[in-house]
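# A structural walkthrough
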Amino acid sequence: MSGDTRFDLWYLFALAGAVLIGAVLPVLPTGAAVSAGAVLALHSNPIGLVGVLIAGAAGAYVGDLIVYAGCRFGGERLAKRIGWLRDNASLDALRDRLSDHEIGVLLTSRLIPGGRVPVLLAAGLAGYSWERFAVVDLAASSLWAAVYMAIGLLGFALFDEPWQGVLAAIVLVVLTTLLSSLVQRARRRRAAAKSDAE
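Predicted model only: the values in this text are computed from it and were never measured. (Residues numbered from 1 in each chain as written. Predicted model: local features only at pLDDT ≥ 70, side-chain atom pairs only at ≥ 80, totals over all residues. Heavy atoms only, no water.)

## A few points about helix 5 (residues 102-109)
Of the positions making up helix 5, those classed as buried are Val-105, Leu-106 and Ser-109. Along the axis of helix 5, the buried residues cluster in a sector spanning 95°; they form a single face. (Buried < 20%, exposed > 50% of the residue type's maximum accessible area, 1.4 Å probe, protein only. Helix = DSSP H or I, 4+ residues; strand = E, 2+ residues; numbered from the N terminus. Arc of directions from axis to C-beta.)

See the structure below:
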């Protein structure tokens, strides 16, 4: 980012677009984009952090609404065709958890790598209230953007050069994702071993 407001504005639109695309088709590292944006904003235009937060949250929110609408109105056929739906057994378990702890599950699903799409599927296929989802997901998207901005700010605190901070932020995001995946895998193994023992 630079002091040129037009560049900053275009950067924020690009960030929001990248996060939106990554939310619908989870192929882009959207958290890393928000973290890198935070580093760049803090190095050259600290007020741009507000823009990065808004752009990241807005892209995530609109992307989630699109996925939710696709699940709600397109059903399992669309979810399978796009590749969102893989494991029906875990989807049934998510439906149960969603009905018991809906707000907590929706808020944390965005923070757990690989957890967002199954929860959106469960909510959409179960006919979860559109209005309620829109309100809770606004909070979840904002929380997600704030967490990844914080990771970027940690990268900024570690290094003086912007490129070093961006690289550190991306590495932190990747490490966080890997650690979370390992923890989830270990929990699943423990749960499977427990159910086999019973």
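## A look at the pattern of salt bridges
Evaluation of the coordinates by the stated rule reveals 2 salt bridges. Among the charged side chains, a salt-bridge network with shared partners connects Asp-64, Arg-110 and Arg-116. (Salt bridge = Lys/Arg side-chain N within 4 Å of Asp/Glu carboxyl O.)

## Considering the packing of aromatic side chains
Scanning the entire structure with this criterion turns up 4 aromatic pairs. Ring centres 6.0 Å apart and planes at 55° place the aromatic pair Trp-10 and Phe-13 in the tilted group. Here Phe-13 and Trp-10 lie together in helix 1 (residues 5-24), a separation of 3 residues that amounts to about one turn. We classify Trp-10 as exposed; its relative accessible area is 62%. By relative accessible area, Phe-13 is classed as exposed at 51%. Aromatic ring contacts, followed pair by pair, group Tyr-68, Trp-130 and Phe-133 into a single cluster. The lysine or arginine in question, Arg-110, covers the ring of Trp-144, its NZ or CZ lying 4.7 Å from the ring centre. (Phe/Tyr/Trp six-rings, centres within 6.5 Å; stacked < 30°, edge-to-face > 60°. Lys NZ or Arg CZ within 6 Å of the ring centre and 35° of its normal.)

Taken by themselves, the reported measurements are silent on function.
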